[in-house]
Amino acid sequence: DAKTTQPTSMDCAEGRAANLPCNHSTISGNEYVYWYRQIHSQGPQYIIHGLKNNETNEMASLIITEDRKSSTLILPHATLRDTAVYYCIVRDQGGSYIPTFGRGTSLIVHP
Amino acid sequence: DVKVTQSSRYLVKRTGEKVFLECVQDMDHENMFWYRQDPGLGLRLIYFSYDVKMKEKGDIPEGYSVSREKKERFSLILESASTNQTSMYLCASSSDGRSTGELFFGEGSRLTVL
């Protein structure tokens, strides 16, 4: 089973921030949180990852709680092209690992 | 630009046929993975490989085998295709040496078994 839980679906108005939550209550100290998204009929695409600190790149921001048991992916100004399934996974970057995906969150951005 | 290439986007096969799904990556990655994706079930790991000639079973290996004779190529084999193997198949690769360690996915191969 996936080590993360996410809401099945969410929706957001175009131009507004989309905040996608993820629970990873069993995360261990050396595991990172990774986010991917999958646009319909394409392979998943890496978005961002983090360990403890909040992270930001050109695609999104990642907020990780102090206890690291949950995180939120923020798309600051959602567009229609952000409509996709978003996956949150945890992995140990230090060595070999088995990346396990859950069912993700289906985000619909509407006009 | 880094790339994971899957040999076929769409395949239609008959029950009992032997099916080969090929995946090639040009990033010199050590790790390669095969997933299948079905509606409502997310991505499920079939097999993975951390090195040439090495393979490990994932969550749903039954009915599948794999081959990794060269570092850049990871093949998924359906010895005798069945209708319940109709699915989207996704190949991915990653490197232990990269600082980000993310997975790179191919575009997927949609297999229909009649």
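For the structure, check the block above.
Reference entry: report on the structure contained in this document. Given the structure is predicted, the values throughout are model-derived calculations rather than measurements.

## Notes on the overall build of chain B
Move 1: Within chain B, the secondary structure is distributed over zero helices and 12 strands.
Move 2: Taken from N to C terminus, the helices and strands of chain B fall in the order β-β-β-β-β-β-β-β-β-β-β-β.
Move 3: Expressed as lengths along the three principal axes of its C-alpha atoms, the size of chain B is roughly 45 × 30 × 25 Å.
Move 4: For chain B, with 114 residues in total, the buried portion stands at 51%.
Move 5: Within chain B, counting contacts between residues at least 6 apart in sequence, those at least 24 apart form 56% of the total.
Move 6: With the model as given, the accessible surface of chain B reaches about 5,400 Å², and the carbon-plus-sulfur share is 48%.
Move 7: When the 16 positive and 17 negative side-chain charges of chain B are each reduced to one mean point, those points stand 6 Å apart.

## Examining the sheet that holds strand S5 (residues 55-56) of chain A
All names here are of chain A.
Move 1: Spatially, the four strands line up as an open sheet ordered S2-S7-S6-S5, and their pairing is antiparallel. On the outer flanks of this sheet lie strand S2 (18-23) and S5, each paired with one strand and no other.
Move 2: Of the pairings in the sheet, the one linking strand S6 (residues 61-64) to strand S7 (residues 70-75) comprises four bridges and is antiparallel in character. Pairing of Leu62 across the sheet is with Leu73, part of S7.

## Some details on the state of the cysteines
Residue and element names in this part refer to chain A.
Move 1: Applying the stated criterion across every chain yields a total of two disulfides over all chains.
Move 2: The disulfide bridge from Cys22 ends at Cys88, spanning 2.1 Å between sulfur atoms. Taking the torsion about the sulfur-sulfur bond, which here is approximately -80°, the covalent link between Cys22 and Cys88 counts as left-handed. Here Cys22 is found in strand S2, whereas its partner Cys88 is found in strand S8 (residues 84-92), with 66 residues between them in sequence.
Move 3: Under the relative-accessibility criterion, Cys22 is labelled buried at 2%.
Move 4: For Cys88, a relative accessible area of 0% puts it in the buried group.

## Digging into the interface of chain A and chain B
Move 1: The interface of chain A with chain B comprises 20 residues on the first partner and 22 residues on the second.
Move 2: In total, about 1,700 Å² of surface goes out of reach between chain A and chain B, with carbon and sulfur atoms giving 52% of it.
Move 3: Between chain A and chain B we count zero salt bridges in total.
Move 4: Here chain A and chain B share five residue pairs in polar contact (both at pLDDT 80 or more) between them.
Move 5: Going through the elements one at a time, strand S3 (31-38), strand S4 (45-50) and S8 of chain A are the ones with two or more residues in the side of chain A that touches chain B.
Move 6: A per-element tally of the side of chain A that touches chain B places S3(A) first, with three residues.
Move 7: Classifying every residue of the side of chain A that touches chain B by side-chain character gives nine nonpolar, nine polar and two charged.

Conventions we followed
Residues numbered from 1 in each chain as written. Chains lettered and ligands numbered in written order. Predicted model: local features only at pLDDT ≥ 70, side-chain atom pairs only at ≥ 80, totals over all residues. Heavy atoms only, no water. Helix = DSSP H or I, 4+ residues; strand = E, 2+ residues; numbered from the N terminus. Buried < 20%, exposed > 50% of the residue type's maximum accessible area, 1.4 Å probe, protein only. Contact = heavy atoms within 4.5 Å. Areas by Shrake-Rupley, 256 points an atom, 1.4 Å probe, with all protein chains shown as cover. Lys, Arg positive; Asp, Glu negative; His and termini not counted. Charge placed at Lys NZ, Arg CZ, Asp CG, Glu CD. Pairing = 2+ DSSP bridges. Disulfide = S-S within 2.5 Å. Buried area = accessible area lost by both parts, 1.4 Å probe. Salt bridge = Lys/Arg side-chain N within 4 Å of Asp/Glu carboxyl O. Polar contact = N/O pair within 3.5 Å; in protein donor to acceptor, adjacent residues only side chain to side chain. Nonpolar A, V, L, I, M, F, W, Y, C, P; charged D, E, K, R; others polar.

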